[in-house]
Amino acid sequence: MDMKGKLSNVSFGGNWSEDLFTSDQLYSVLDFLDLAATECADREVRGKDMEAALSYVEEHIEKGTMLTTALRQALAQPEAWMRRDSALRIVAQIRKMVGG
């Protein structure tokens, strides 16, 4: 559903617009992490964008600091297959924490 469709189904009042924005941000970060974990065996995914995504996870997800520490360690693994498998497992745990 596009944003117009989402907004047409919302009753006014409260902080519904902030919730939609936060939800969209969260799922964008999760999609970014999924892609990075999938591709980390073939290319370097660490950098400014990854750090921004990890900061978001730390601030908005329960146990975010623990999970981002684990993901940073996974992405530093020297073996490509180990790096990808560990990163995919941790990103799945992050998704599970948010019910996604």
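Residues numbered from 1 in each chain as written. Predicted model: local features only at pLDDT ≥ 70, side-chain atom pairs only at ≥ 80, totals over all residues. Heavy atoms only, no water.

**Remarks on the overall build of the protein**
Along the backbone of the protein there are five helices and zero strands. Seen in sequence order, the protein has helices and strands lined up from the N terminus as α-α-α-α-α. Of all 100 residues assigned to the protein, the portion counted as buried reaches 30%. Restricting to contacts in the protein with at least 6 residues of sequence separation, those with at least 24 account for 54%. Carbon and sulfur atoms form 54% of the exposed surface of the protein, whose accessible area is close to 6500 Å². (Helix = DSSP H or I, 4+ residues; strand = E, 2+ residues; numbered from the N terminus. Buried < 20%, exposed > 50% of the residue type's maximum accessible area, 1.4 Å probe, protein only. Contact = heavy atoms within 4.5 Å. Areas by Shrake-Rupley, 256 points an atom, 1.4 Å probe, with all protein chains shown as cover.)

**Concerning the environment of Ala 87**
Relative to the helices and strands, Ala 87 is located in helix α5 (residues 80-98). For the pair formed by Ala 87 and Gln 73, sequence separation is 14 residues and the distance between their alpha carbons is 8.8 Å.

**Description of the pattern of salt bridges**
In this structure the tally under the stated criterion is six salt bridges. A salt bridge links Glu 44 to Arg 46; the shortest N-O distance between them is 2.7 Å. Among the residues examined, Arg 46 registers a relative accessible area of 42% and is labelled partly exposed. Look at the salt bridges and you will find they share partners, linking Asp 31, Asp 34 and Arg 95 into a network. (Salt bridge = Lys/Arg side-chain N within 4 Å of Asp/Glu carboxyl O.)

**Let's talk about the packing of helix α3 (residues 48-60) against helix α4 (residues 64-75)**
Helix-helix packing: each pair is described by the crossing angle between the helix axes and the interaxial distance. The contact between α3 and α4 brings their axes to 8 Å, and the two run at 155 degrees. Here α3 lies roughly antiparallel to α4, going by the angle between them. Our pair here, α3 against α4, has a crossing hand that is right-handed. Taking contact as the criterion, the partners of Met 50, Glu 51, Leu 54, Val 57 and Glu 58 in α3 are, on α4, Gly 64, Thr 65, Thr 68, Leu 71, Arg 72 and Leu 75. Here the residues of the contact of α3 with α4 sort into five nonpolar, three polar and three charged. (Axes fitted to C-alpha atoms, helices over the stretch in contact; angles between N-to-C directions. Parallel < 35°, antiparallel > 145°, perpendicular 65-115°, else oblique. Left-handed = near helix turned anticlockwise from the far one by under 90°. Nonpolar A, V, L, I, M, F, W, Y, C, P; charged D, E, K, R; others polar.)

**Section: the confidence of the model for the protein**
Residues at a pLDDT of 70 or more form 77% of the protein, whose mean pLDDT is 84. Looking over the protein, one finds the lowest element-wise mean pLDDT in helix α1 (residues 3-8), namely 44, and the highest in α4, namely 98. Here residues 1-21 is modelled with pLDDT under 50, and outside its nearest four sequence neighbours on either side it reaches 10 contacts, counting other chains as well. (pLDDT = per-residue confidence, 0-100.)

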